[in-house]
Amino acid sequence: MGIAASAFIEELLQWMEKNGFESVDLTIDDDFYYDANYNYIALDFKIEAIVGYWITDFFSSLGNQWEDIDGPIYCFLHELGHSQTLKNFTYEEKETALQSTAMFALLEPNKENTFLYWNTPIELAANKWAVNFLNTTNSNIITSLVTIFAKYWNKAVEEEKIHETSIYSAC
Ligand SMILES: [Zn+2]
């Protein structure tokens, strides 16, 4: 993990600890997801910008009152939402969700299909939790989260690219 990525994870963990999410851990991987078995959130620096615009629109449709927040922050809050809402679903509901996730992965990754996916029960619960968190939490807490992402996200993305290039050139 690069320098910016490490510092980012550290500060984000501190933010989570301070705000009641101390049991949830963080890692970097090739996708955004929440692992319920080990209770950690994975962040992906290679997330496509378009997904950020889609989730911004989706959160607006759910009544998000914030503007000018970058997509990756919403993606993070979506995963944090899973960590807070997944326990409300039965084993069967979670199994069904896994199947629908696999099905949606086969579809064209466009806005329409992504919105359909975000409207499935478990995804919608995470999205609604995130929007409620944004709208009801002290604005200083949201602003401090935005600041952490502003400070590190783009640097970490650049680090990731350099890292990938060095892997290819080494071959
Ligand atoms: Zn999700």
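The preceding data block contains the structure.
This structure is a prediction, so every number in the text was calculated from the model and none was measured. (Residues numbered from 1 in each chain as written. Predicted model: local features only at pLDDT ≥ 70, side-chain atom pairs only at ≥ 80, totals over all residues.)

The biggest cluster of nonpolar side chains holds 19 residues, and the ones touching the most others in it are Ile55, Phe59, Tyr74, Phe76, Leu77 and Ala130. Put simply, the parts of the chain that give this core at least two residues each are β3 (40–43), α2 (49–61), α3 (71–85) and α6 (121–136). Broken down by element, this core gets its largest block of residues, six residues, from α3. Residues in contact with Ile55, not counting those within four places in the same chain, are Gly71, Tyr74, Cys75 and His78. Counting residues in each nonpolar core, the second largest holds six residues, with Ala5, Phe45, Tyr152 and Ala156 among its members. (Core = buried A, V, L, I, M, F, W, Y, C linked by C-beta atoms within 7 Å. Buried ≥ 20, exposed ≤ 12 C-beta atoms within 10 Å, placed from the backbone. Helix = DSSP H or I, 4+ residues; strand = E, 2+ residues; numbered from the N terminus. Contact = placed C-beta atoms within 7 Å.)

Strand order in the open sheet formed by three strands is β1-β3-β2, with mixed pairing between adjacent strands. The sheet is open, and its two edges are formed by β1 (25–28) and β2 (33–35), each paired on a single side. Going across the sheet, the axis of each strand differs from the next one's by a mean of 25°, ignoring polarity. Of the strand pairs in this sheet, β2 and β3 are connected by three bridges, and their pairing is antiparallel. Each residue of the ladder has a partner; that of Asp35, found in β3, is Tyr40. Relative to the sheet, α3 contacts β2 and β3, its axis offset from that of β3 by approximately 160°. (Pairing = 2+ DSSP bridges. Axes fitted to C-alpha atoms, helices over the stretch in contact; angles between N-to-C directions.)

A rise of 1.5 Å per residue sets the reference length of α2, with its 13 residues, at 18 Å; its end C-alpha atoms lie 19 Å apart and thus fit the reference within 8%. In this structure, the buried side of α2 is in contact with α3, α5 (111–118) and α6. Directly beyond the C-terminal end of α2, a positive phi value near 100° is found at Gly63. (Expected span 1.5 Å × (residues − 1).)

For any two helices packed against each other, the geometry comes down to the angle between their axes and how far apart the axes lie. Between α2 and α3, whose axes approach to 8 Å, the crossing angle comes to 65°. The element α2 and its partner α3 pack so that their crossing is left-handed. Residues Val51, Gly52, Tyr53, Ile55, Thr56 and Phe59 of α2 lie in contact with α3, whose contacting residues are Gly71, Pro72, Tyr74, Cys75 and His78. (Left-handed = near helix turned anticlockwise from the far one by under 90°.)

Any functional reading would require information beyond the geometric quantities listed.
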